Amino acid sequence: KDGCMYFNLLKQTSWDDKTKKGSFKDGTRLNVKFSLDEVGEMVSVIKNRGKWNFYHSFDNNTVSGGFTYYSKEYELQGKKITKTGFGLTVKKGDQEWKVGFTLGSAEKLLAYFLFFFDRCFQAIYAADKKAFEEKLKNKKTENPPEEVSNKEADEQEEKEENLEF
């Protein structure tokens, strides 16, 4: 609609270790708006396994955070394991939301971002084209072309043919 992407974050409220499932019941929600350029920054993070931080402030409300690639080594039952992925962290006041993405889910997120860009650019192009066509239409009605009789056109053409270079 306005060339921005909105994230609606829901904070996890509990974890069941037996079922390995989280609960989001009564979790705090946060809406975050990202511009096309900011979405582009997230695309760059995924493609380059990088890091990006952001800071939004509006009407004394501040939201900050980052999107980053991580690679962490830890030991499990005597074996070294490396866990890789991406993390989105968003902070507002004393609240913090964290979303983890596996490498596979980050690829899906990247595909969605590229789809989002395509749709935004199509909408921008359509709006620009419509505005241009309206401008041309208005220009034609403001300054209609002068009418020239066939006799005048023939006389002009004859003069041009008789010119010597």
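Scroll up to find the structure.
Given the structure is predicted, the values throughout are model-derived calculations rather than measurements.

A. Quick look at the pairing of strand S8 (residues 95-101). Here strand S7 (residues 79-92) runs beside S8; their pairing, made up of seven bridges, is antiparallel. Along S8, the bridge assignment pairs Thr89 with Lys98. In this antiparallel pair of consecutive strands, S7 and S8, the connection spans two residues, and Gly93 shows a positive phi of 60°.

B. Geometry of unusual backbone geometry. In this model, Asp59 sits at a positive phi of 50°, which is unusual for a non-glycine residue. If you trace the backbone, Asp59 turns up in the loop between strand S5 (51-58) and strand S6 (61-76). With a relative accessible area of 58%, Asp59 lands in the exposed category.

C. Main features of the environment of Thr89. Following the sequence through the fold, Thr89 ends up in strand S7. As for Thr89 and Gly65, which are separated by 24 residues in sequence, their C-alpha atoms are 5.1 Å apart. For Thr89, the contacting residues outside a window of four places in its chain are Phe54, Ser64, Gly65, Gly66, Glu96, Trp97 and Lys98.

D. Layout of the side chain of His56. By the element assignment, His56 lies in strand S5. Side-chain polar atoms of His56 contact the side chain of Glu38, separated by 2.6 Å. Among all residues touching His56, those that are not within four sequence positions of it are Val32, Lys33, Phe34, Glu38, Asn61, Thr62 and Val63.

E. Quick peek at the pairing of strand S4 (residues 29-35). Residues Leu30, Val32 and Phe34 of S4 are buried on one face, while the alternating residues Arg29, Asn31, Lys33 and Ser35, pointing to the opposite face, are not. Direction of pairing for strand S1 (residues 4-10) relative to S4: antiparallel, over a ladder of seven bridges. Within S4, the position partnered with Leu10 by the bridge is Arg29.

F. Up close: the side chain of Glu38. Structurally, the position occupied by Glu38 is in helix H1 (residues 36-48). No salt bridge is formed by the buried Glu38; its nearest oppositely charged neighbour, Lys33, is found at 8.7 Å. Excluding anything up to four places from it in sequence, Glu38 contacts Lys33, Trp52, Phe54 and His56.

G. Representation of the sheet that holds S7 in the model. One open sheet accounts for four strands, arranged S5-S6-S7-S8; its pairing is antiparallel. Pairing within the sheet leaves two strands with one partner each, and these edge strands are S5 and S8. When the angles between neighbouring strand axes are averaged without regard to direction, this sheet yields 25°. Strand direction decides the pairing type here: S6 and S7, joined by 14 bridges, are antiparallel. The partner of Gly65 across the bridge, within S7, is Val90. Seen against the sheet, H1 touches S5, S6 and S7 and runs at an angle of roughly 160° to S5.

Rules and cut-offs
- Residues numbered from 1 in each chain as written.
- Predicted model: local features only at pLDDT ≥ 70, side-chain atom pairs only at ≥ 80, totals over all residues.
- Heavy atoms only, no water.
- Pairing = 2+ DSSP bridges.
- Helix = DSSP H or I, 4+ residues; strand = E, 2+ residues; numbered from the N terminus.
- Buried < 20%, exposed > 50% of the residue type's maximum accessible area, 1.4 Å probe, protein only.
- Contact = heavy atoms within 4.5 Å.
- Polar contact = N/O pair within 3.5 Å; in protein donor to acceptor, adjacent residues only side chain to side chain.
- Lys, Arg positive; Asp, Glu negative; His and termini not counted.
- Salt bridge = Lys/Arg side-chain N within 4 Å of Asp/Glu carboxyl O.
- Axes fitted to C-alpha atoms, helices over the stretch in contact; angles between N-to-C directions.

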